[in-house]
Amino acid sequence: AKTVLEKVKVYVVKIQAAGAQGNFKQAIKIGLVVLKLLEVILPEEPSQSDIQRGFQETASLYAGQEIEELINLPDMTEPESQAAIYILSSISAAAFTAAPELMLLIVLSMVNLSIKYGHATWSPFSYACQGLILCGVFQDIELGYKFGKLGLTLVEQLNAKRGKARAFEVLG
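Worth saying up front: this structure is predicted, and the values here are computed from it rather than measured.

1. Concerning unusual backbone geometry
Its identity as a non-glycine residue notwithstanding, glutamate 39 has a phi of 65°, on the positive side. By secondary structure assignment, the location of glutamate 39 is in the loop between α2 (24-37) and α3 (48-62). Under the relative-accessibility criterion, glutamate 39 is labelled exposed at 72%. Of note, glutamine 139 is a non-glycine position whose phi angle comes to about 60°, a positive value. Along the polypeptide, glutamine 139 turns up in the loop between α6 (123-136) and α7 (141-158). The exposure class of glutamine 139 is exposed, given its relative accessible area of 56%.

2. A short note on the nonpolar core
Ranked by size, the top nonpolar core spans 54 residues in total, and within it Leu35, Leu42, Ile87, Ile106 and Phe147 carry the most contacts. Sorting the residues of this core by element identifies α1 (4-20), α2, α3, α4 (79-98), α5 (100-117), α6 and α7 as the ones contributing at least two each. When residues in this core are grouped by element, the largest group, eleven residues, is from α5. For leucine 42, the contacting residues outside a window of four places in its chain are Leu32, Leu35, Leu88, Leu102, Leu105, Ile106 and Ser109.

Reading the values: the criteria
- Residues numbered from 1 in each chain as written.
- Predicted model: local features only at pLDDT ≥ 70, side-chain atom pairs only at ≥ 80, totals over all residues.
- Heavy atoms only, no water.
- Helix = DSSP H or I, 4+ residues; strand = E, 2+ residues; numbered from the N terminus.
- Buried < 20%, exposed > 50% of the residue type's maximum accessible area, 1.4 Å probe, protein only.
- Core = buried A, V, L, I, M, F, W, Y, C linked by side-chain atoms within 4.5 Å.
- Contact = heavy atoms within 4.5 Å.

Next up, the structure:
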């Protein structure tokens, strides 16, 4: 593998291996390294201001439109964005366990990539996670429900078998 995109599959295997060994911090570190190569930069230990800034950035991307309208976004075609959302989804479980604050930024990054560049296999999962966070952390049940419903609708529209189970897990 010579290019970053060619190396993504190798990095995913390394992330999965670290996770399978219970070394969640290592899985996260590997993911953050490859994300930086893909120009998605996340702090290893985010502060409250990082998280607040992340939520504000995401909210500004869908400001002025109904969440339901996001279903009309095109398919993601940019390979770097597809690789980034794949890596983000690959480290999400490790972050959920070992770095919950980082998990918030991972979800926001996946949602941002989807809104900016279109829908990918992992977009339904990201919308479902966004809905869960909005309902569970921020107690914004209405907005969280809209994101969850967007994720559910998008699963069927994309027929994304790889992302379907993960989206359903979060939605459940």
